[in-house]
Amino acid sequence: MNEALFDPIAAHYDSWYSTELGSVSDQVERHLAQSMFKSPGPQVLEIGCGTGHYTSWLVQEGYEVTAVDISGEMMARAQQKIAALTSNVMNTKPVRWWHGDITEILDQLATYDGIFSMTAFEFVPEPEKVLQELFKHLKPGGCLMIGLIAGESSWSEYYAEVVRNKPTSVFARAALYTKDEIASWQIGVPAEIGECLFFPPNVQSAEALAIEEKRQGNPGFVVAKWVKG
Ligand SMILES: C[S@@+](CC[C@H](N)C(=O)[O-])C[C@H]1O[C@@H](n2cnc3c(N)ncnc32)[C@H](O)[C@@H]1O
């Protein structure tokens with residue numbers, strides 16, 4: 001269990017979303033993930049909730065969320081965020097917080113209508129095996145969906161450069177898979193694949209959305225979804 005990986009960056013993790021590049025990439029990733037995630041019932045497991053960036057959305061959608069994260073510092077920020085949200089928004093369901101390594105708690109999971117994860121499986125060893133196990137914890141009709149930074153893209157090159165400049169970056173521990181690799185994972189049913197982030201990280205944010213619309217080249221972010229029959 002690598003508790004410490006995200007702990008030191010938890011305090012400034014959300015500042016990425018306030019940068020121009022972070023804001024526009026968040027916009028396109030969020031649009032894709034939120035349009036693909038269709039949970040047929042209320043019980044949702046979120047893996048790698050981090051600072052609660054997507055937990056807030058899941059809670060506002062009315063889901064009963066169980067949020068797992070290996071980093072206590074990241075989860076503490078998520079707890080603060082959700083406490084602030086629930087004091088302002090009526091009728092939200094309480095989040096069940098589970099501080100742990102998803103690979104170590106697979107046999108303790110319940111069954112869920114939806115399993116949701118954004119930008120976390122890059123840091124999970126043997127993701128195909130873990131996803132196979134998670135698929136068994138879906139109710140009939142349930143939806144398992146993950147979003148991942150894609151390999152062989154301008155964004156994977158960008159993160160490789162980040163690591164060259166700062167070898168202690170969390171991205172030194174990330175494994176980035178291509179769309180085809182993710183689609184080939186044997187999870188139980190064929191994957192539905194969504195793609196986004198066609199603009200490169202060095203673009204002016206004003207141009208990013210126009211480039212995104214053209215959908216040319218390899219995507220920088222892939223969302224994969226498996227629905228249980
Ligand atoms: C890049 S952050 C993404 C956080 C959030 N999903 C978001 O989109 O802002 C990755 C998160 O996954 C968590 N994580 C990594 N490996 C994990 C594991 N094996 N079990 C549970 N959480 C894990 C990290 O602690 C971190 O909070």
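None of the values given here were measured: they were computed from a predicted structure.

Student: So what's going on with unusual backbone geometry? Residues and values would help.
Tutor: A positive phi angle, near 60 degrees, is found at Asn-91, a position not held by glycine. If you trace the backbone, Asn-91 turns up in the loop between helix 3 (72-88) and strand 3 (96-99). For Asn-91, a count of 6 C-beta atoms within 10 Å translates into the label exposed. Residue Leu-197 is not a glycine yet carries a positive backbone phi of 65 degrees.

Student: So what about the pairing of strand 2 (residues 64-69)? Which residues, and what values?
Tutor: Note: strand 1 (residues 43-47) against strand 2, five bridges, orientation parallel. The partner of Val-44 across the bridge, within strand 2, is Val-65. With respect to chirality, the unit in which strand 2 leads through helix 3 into the neighbouring parallel strand 3 is right-handed.

Student: I'd love a proper account of the UniProt feature "domain: Methyltransferase" (unreviewed entry) in the chain, names of residues and values included.
Tutor: Cross-referencing UniProt, the feature "domain: Methyltransferase" (unreviewed entry) maps to residues 44-142 in the present numbering. For residues 44-142, the end-to-end C-alpha separation is 10 Å, with 32% helix and 26% strand making up the annotated structure.

Student: Tell me about the packing of helix 1 (residues 20-36) against helix 7 (residues 205-214), and name the residues and values.
Tutor: Relative orientation of the contacting elements helix 1 and helix 7 amounts to 25 degrees, with a least axis distance of 9 Å. When the axis of helix 1 is compared with that of helix 7, the two are roughly parallel. Relative to helix 7, helix 1 is oriented so that their crossing is right-handed. Contact residues: Glu-20, Leu-21, Val-24 and Val-28 in helix 1; Ser-205, Ala-208, Leu-209 and Glu-212 in helix 7. Of the residues assigned to the contact of helix 1 with helix 7, the class counts are five nonpolar, one polar and two charged.

About the criteria used
Residues numbered from 1 in each chain as written. Predicted model: local features only at pLDDT ≥ 70, side-chain atom pairs only at ≥ 80, totals over all residues. Helix = DSSP H or I, 4+ residues; strand = E, 2+ residues; numbered from the N terminus. Buried ≥ 20, exposed ≤ 12 C-beta atoms within 10 Å, placed from the backbone. Pairing = 2+ DSSP bridges. Right-handed = clockwise from strand over helix to strand, strands pointing away. UniProt positions renumbered as here; feature names shortened; annotations may be inferred. Axes fitted to C-alpha atoms, helices over the stretch in contact; angles between N-to-C directions. Parallel < 35°, antiparallel > 145°, perpendicular 65-115°, else oblique. Left-handed = near helix turned anticlockwise from the far one by under 90°. Contact = placed C-beta atoms within 7 Å. Nonpolar A, V, L, I, M, F, W, Y, C, P; charged D, E, K, R; others polar.

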